Amino acid sequence: MKDFLTNANVVAVILAIVSIIETIMLCIVEPLNKGLIILLGILSIVTIIMNRFAYQIAKHFNKRFSLYYKKRHDSETDEDYEPSNFAILRVKLPCYGLLAMQTVMLFVFSIY
């Protein structure tokens, strides 16, 4: 059960379900800006997908900017482009920021 909850696919599905529920609740609570709320919901689904594939995105950027991030310059193996934890975190932080913004909007509009 512990491995099930730490699986990246399961976490992405749970975040997507929560994001869809928050989008529906925001549309109910704040009926004036439905277009903006639906756009925010779509962007949150895109960021969940980016969050799920953060390692692959960071590895792609390492390949793209290989002159800067390559560990060894004498060989061309796939291990040369392994992203650091900071590179993965750089991809994940904006994703978490947008998801938090949607949650904050839900609380603000429900109080208002």
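These numbers come from a predicted model, not from an experiment.

## Side note on the overall build of the protein
In terms of helices and strands, the protein carries six helices and zero strands. The helix and strand sequence of the protein, counted from the amino end, reads α-α-α-α-α-α. Sorting the 112 residues of the protein into buried and exposed places 30% on the buried side. If you take every contact in the protein between residues at least 6 apart in sequence, the share linking residues at least 24 apart comes to 62%. When the accessible area of the protein is evaluated, it comes to approximately 7,900 Å², of which 70% is carbon and sulfur surface.

## With respect to the packing of helix 2 (residues 8-29) against helix 3 (residues 34-52)
It is the contact of helix 2 with helix 3, at a shortest axis distance of 10 Å, that shows an interaxial angle of 175°. Between helix 2 and helix 3, the angle falls in the class roughly antiparallel. Together, Ala8, Asn9, Ala12, Leu15, Ala16, Ser19, Ile20, Thr23, Leu26 and Cys27 of helix 2 and Lys34, Ile37, Ile38, Gly41, Ser44, Ile45, Ile48, Asn51 and Arg52 of helix 3 make up the contact between the two elements. Its residues assigned to classes, the contact of helix 2 with helix 3 comprises eleven nonpolar, six polar and two charged.

## Quick word on the packing of aromatic side chains
To describe a pair of aromatic rings, you give the distance between the ring centres and the angle between the ring planes. Within the structure shown, the criterion is met by zero aromatic pairs. For the cation-ring pair, Arg52 lies above Phe53, with the distance from its terminal atom to the ring centre recorded as 4.8 Å.

## Focus: a nonpolar patch on the surface
On the surface, Phe4, Leu5, Ile14 and Val18 cluster together into a nonpolar patch covering about 370 Å² of accessible area. Looking at the nonpolar patch, the elements that each hand over two or more residues are helix 1 (2-6) and helix 2.

## Observations regarding helix 3
Over its 19 residues, helix 3 runs 27 Å from end to end, which matches the ideal 27 Å to within 8%, given 1.5 Å per residue. Inspection of helix 3 places Ile37, Leu40, Gly41, Ser44, Thr47, Ile48 and Asn51 among the buried residues, and these make up the whole buried set. Seen end-on, helix 3 carries its buried residues on one side only, within an arc spanning 125°. Turning to helix 3, the residues buried within the fold contact helix 2, helix 4 (54-64) and helix 6 (85-111).

## A few points about the nonpolar core
Membership of the largest hydrophobic core is limited to seven residues, which are Leu26, Cys27, Ile37, Leu40, Leu98, Met105 and Leu106. Contributing elements (two or more residues each) for this core: helix 2, helix 3 and helix 6. Top contributing element to this core by residue count: helix 6, with three residues. Those residues in contact with Ile37 that lie beyond four places of it in its chain are Thr23, Leu26, Cys27 and Glu30.

## Considering the packing of helix 2 against helix 6
In contact at an axis separation of 10 Å, helix 2 and helix 6 are set at 30° when each is read in the N-to-C sense. Our classification of the angle between helix 2 and helix 6 gives roughly parallel. In terms of crossing hand, the pair formed by helix 2 and helix 6 is left-handed. Together, Leu15, Ser19, Glu22, Thr23, Met25, Leu26 and Val29 of helix 2 and Leu99, Gln102, Thr103, Met105, Leu106, Phe109 and Ser110 of helix 6 make up the contact between the two elements. By residue class, the composition of the contact of helix 2 with helix 6 is eight nonpolar, five polar and one charged.

Rules and cut-offs
- Residues numbered from 1 in each chain as written.
- Predicted model: local features only at pLDDT ≥ 70, side-chain atom pairs only at ≥ 80, totals over all residues.
- Heavy atoms only, no water.
- Helix = DSSP H or I, 4+ residues; strand = E, 2+ residues; numbered from the N terminus.
- Buried < 20%, exposed > 50% of the residue type's maximum accessible area, 1.4 Å probe, protein only.
- Contact = heavy atoms within 4.5 Å.
- Areas by Shrake-Rupley, 256 points an atom, 1.4 Å probe, with all protein chains shown as cover.
- Axes fitted to C-alpha atoms, helices over the stretch in contact; angles between N-to-C directions.
- Parallel < 35°, antiparallel > 145°, perpendicular 65-115°, else oblique.
- Nonpolar A, V, L, I, M, F, W, Y, C, P; charged D, E, K, R; others polar.
- Phe/Tyr/Trp six-rings, centres within 6.5 Å; stacked < 30°, edge-to-face > 60°.
- Lys NZ or Arg CZ within 6 Å of the ring centre and 35° of its normal.
- Patch = residues over 30% accessible without salt bridge, like charges linked within 9 Å, V, L, I, M, F, W, Y side chains within 5 Å.
- Salt bridge = Lys/Arg side-chain N within 4 Å of Asp/Glu carboxyl O.
- Expected span 1.5 Å × (residues − 1).
- Arc of directions from axis to C-beta.
- Core = buried A, V, L, I, M, F, W, Y, C linked by side-chain atoms within 4.5 Å.
- Left-handed = near helix turned anticlockwise from the far one by under 90°.

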